[in-house]
Amino acid sequence: MENNNINNDITEDVTENIAEEVTDETVENAQNEKEGKKITPKKLIVPIIIVIILAAFAVLIYWDKVIKPASDIDKEVGVKVEDYISVGELKGLSYDVTQKEWDEMIYDDTHYHEEVNRVAKETDEVECDFKGFVDGKEDKNLTMTEQPIDIGSYTEGVYKAFSDALIGHKKKDKIKVEVDGKDVKELAGDEKDYTGKKVKFELTVKTVSALVSEKITDDWVKENYSEEYGINNKKEFYKWEKECIVEGSVIPALWRKALEKVKLKAIPQKLQQKVIEELDANTEAEAKSQGMSTEEYKKVFGLTDEKNEENYNLELKSELLMWYLTKKLKLTASDDEIEEKYNEYYVDANVDSPEEMKKLYTKKEMREVVLLDKAQDYIYKNAQVKFSYKISK
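Residues numbered from 1 in each chain as written. Predicted model: local features only at pLDDT ≥ 70, side-chain atom pairs only at ≥ 80, totals over all residues. Heavy atoms only, no water.

(A) Examining the overall build of the protein chain more closely. Helix and strand content of the protein chain: 13 helices and nine strands. Sorting the 393 residues of the protein chain into buried and exposed places 35% on the buried side. Across the protein chain, the fraction of contacts at a sequence separation of at least 24, relative to all contacts at a separation of at least 6, is 73%. (Helix = DSSP H or I, 4+ residues; strand = E, 2+ residues; numbered from the N terminus. Buried < 20%, exposed > 50% of the residue type's maximum accessible area, 1.4 Å probe, protein only. Contact = heavy atoms within 4.5 Å.)

(B) Fine view of the nonpolar core. By size, the foremost hydrophobic cluster in this structure holds 53 residues, and its most contacted members are F237, L321, L325 and I379. It is helix α7 (residues 234-260) that provides the largest number of residues to this core, a total of twelve residues. Setting aside residues up to four positions removed in sequence, L325 forms contacts with L90, W255, K330, L331, A375, Y378 and I379. (Core = buried A, V, L, I, M, F, W, Y, C linked by side-chain atoms within 4.5 Å.)

(C) A look at helix α6 (residues 218-229). For α6, with twelve residues, the first-to-last C-alpha span of 14 Å runs short of the 16 Å given by 1.5 Å per residue. Each element contacted by the buried residues of α6 is listed here: α3 (99-110) and α7. G230 lies just past α6 and shows a positive phi near 70 degrees. (Expected span 1.5 Å × (residues − 1).)

(D) Representation of the pattern of salt bridges. Per the counting criterion, the structure on display carries 26 salt bridges. A salt bridge links E138 to K140; the nearest nitrogen and oxygen atoms lie 3.6 Å apart. A salt bridge links D139 to K192, with the shortest nitrogen-to-oxygen separation between them at 3.8 Å. Separated by 53 residues along the polypeptide, D139 in strand β5 (residues 137-150) and K192 in the loop between α5 (185-188) and β7 (198-213) bring together distant segments of the chain. (Salt bridge = Lys/Arg side-chain N within 4 Å of Asp/Glu carboxyl O.)

(E) Broad picture of the packing of α7 against helix α13 (residues 363-381). The contact between α7 and α13 brings their axes to 9 Å, and the two run at 80 degrees. By the criterion of interaxial angle, the relationship of α7 to α13 is roughly perpendicular. Mapping the contact onto sequence places V246, V250, I251, L254, W255 and A258 in α7 and L372, A375, Q376, I379 and Y380 in α13. The class makeup of the residues in the contact of α7 with α13 is ten nonpolar, one polar and no charged. (Axes fitted to C-alpha atoms, helices over the stretch in contact; angles between N-to-C directions. Parallel < 35°, antiparallel > 145°, perpendicular 65-115°, else oblique. Nonpolar A, V, L, I, M, F, W, Y, C, P; charged D, E, K, R; others polar.)

(F) Quick peek at the packing of aromatic side chains. This model, assessed by the stated rule, comprises 17 aromatic pairs. Between W102 and Y238, the ring centres sit 6.1 Å apart and the planes meet at 45 degrees, which makes this aromatic pair tilted. With W102 in helix α3 and Y238 in helix α7, the pair connects residues that are 136 residues apart, well separated along the chain. Residue class for W102 comes out buried when judged on its relative accessible area of 2%. The exposure class of Y238 is buried, given its relative accessible area of 15%. Lying across the ring of F387, K242 places its NZ or CZ 4.3 Å from the centre. Between the NZ or CZ atom of K358 and the centre of the ring of Y342, over which it lies, the distance is 5.5 Å. (Phe/Tyr/Trp six-rings, centres within 6.5 Å; stacked < 30°, edge-to-face > 60°. Lys NZ or Arg CZ within 6 Å of the ring centre and 35° of its normal.)

(G) Representation of the side chain of T207 in the model. Within the secondary structure, T207 is located in strand β7. Here T207 is in contact with E115, E125, V126 and E127, once residues within four sequence places are set aside.

(H) Focus on the pairing of strand β4 (residues 125-134). Within β4, seven of the ten residues are buried, leaving the element largely enclosed by the surrounding structure. Two elements, β4 and β5, share eight bridges in a ladder whose sense is antiparallel. Within the sheet, the bridge partner assigned to V126 lies in β5 and is I149. The turn joining β4 and β5, which pair antiparallel and follow one another in sequence, is formed by two residues; a positive phi near 55 degrees is taken by D135. Relative to β7, β4 is paired through ten bridges, and the arrangement is antiparallel. Residue pairing across strands places V134 opposite V199, the latter belonging to β7. (Pairing = 2+ DSSP bridges.)

(I) Inspection of unusual backbone geometry at higher detail. For T123, which is not glycine, the phi dihedral falls at a positive 80 degrees. Inspection of the secondary structure puts T123 in the loop between β3 (111-115) and β4. Residue class for T123 comes out partly exposed when judged on its relative accessible area of 44%. Non-glycine residue K330 carries a positive phi angle of around 55 degrees. Exposure remark for K330: the relative accessible area of 31% places this residue in the partly exposed category.

(J) Spatial organisation of the environment of L211. Assignment of secondary structure puts L211 in strand β7. Classification of L211 by relative accessible area gives partly exposed; the value is 30%. Setting aside residues up to four positions removed in sequence, L211 forms contacts with Y107, H111, Y112, H113, T123 and D124.

(K) Broad picture of the environment of P252. Tracing the chain through its elements places P252 in helix α7. Of the residues examined, P252 reaches a relative accessible area of 24% and is grouped as partly exposed. Separated by 124 residues in the primary sequence, P252 and Q376 have C-alpha atoms spaced 7.9 Å apart. When sequence neighbours within four positions are dropped, the list of residues in contact with P252 reads V246 and E247.

(L) Quick peek at the packing of α3 against α7. Two elements in contact, α3 and α7, have axes whose closest approach is 11 Å; the angle formed by their N-to-C orientations is 110 degrees. Between α3 and α7, the interaxial angle falls into the category roughly perpendicular. Here α3 and α7 pass one another in a crossing that is right-handed. Across the interface between the two elements, E101, W102, M105, I106 and D109 of α3 pack against F237, Y238, W240, E241, K242, C244, I245 and S249 of α7. The class makeup of the residues in the contact of α3 with α7 is eight nonpolar, one polar and four charged. (Left-handed = near helix turned anticlockwise from the far one by under 90°.)

Written out as structure tokens, the structure reads:
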């Protein structure tokens, strides 16, 4: 079991030095016996005293290295983690990076949309505002602004209807589209059932952008990636893309598999409330960053009450597993590592500097980010990962 493996590693570390200390005395006694020499009481007493002293010292080491840090973690979390979860085998989890996944990553980094002054056609991205009307009245559940529509990317539903209707239209055009109520569920979510209704939409085109495709060359890489990432040629670019897949796809996927090995034995109420508040705050922040209300954001991304409940429980298991591994592996987060995270994430957080980032996230919160990274890295390093793709020439 994973528990036993980790604990055995700790015990071996603590006892190793003791074994080395008593080895010389043991060898001397063995030699005396071999030569038929009598061991005097004086010679016998000294090794016994040394063993007693070393044993006491071992207890102190074990307390200092294992028990105290573990109790400190329990105090920080507010619960004894092992009382709330059981953990299965975490080593040997598998993941295969497929050709499809690689190709999609390369496509995303070599294709983008650029605004043009013409009518929309296949592969364009059209940004538009739309209002939905039911029985002649505007319905706020079906009204959104600045929504990107990828022309030709949909096979069904309301966005397929929008995509088809937008072809041949340009900036500032207004378009009317009528769809069956059953097709607007992806907009309304579970807020309301429109089955059996006719929904009329009014769309206003804000921008039309054409798809641009870049060819990967040393010059292109240097021009686009040198200044920000220090990447200067195709070889470095492909290596960086692989690292991005590992960080963005492989590690999160392996962590989700690790969470499947975690069983909740009970719910720590305070920690659960903390998780709920953090996820809700994150949803509000994401909605704000995309110019939406929280309710609009939830509708677009399907964050129903049921889905939120599922996310709360998953995040609770994630936090408990992180603390479990922090205890068992004696993970730490230094001041330098915490500072590095502030420097790394402030751009992603859409703030101007690490100092601004510190106003949003406390040192304690950023410490947890460092510990989570290390816990996930442990899962990755003990996993079986295959890279089953080829790089196109």
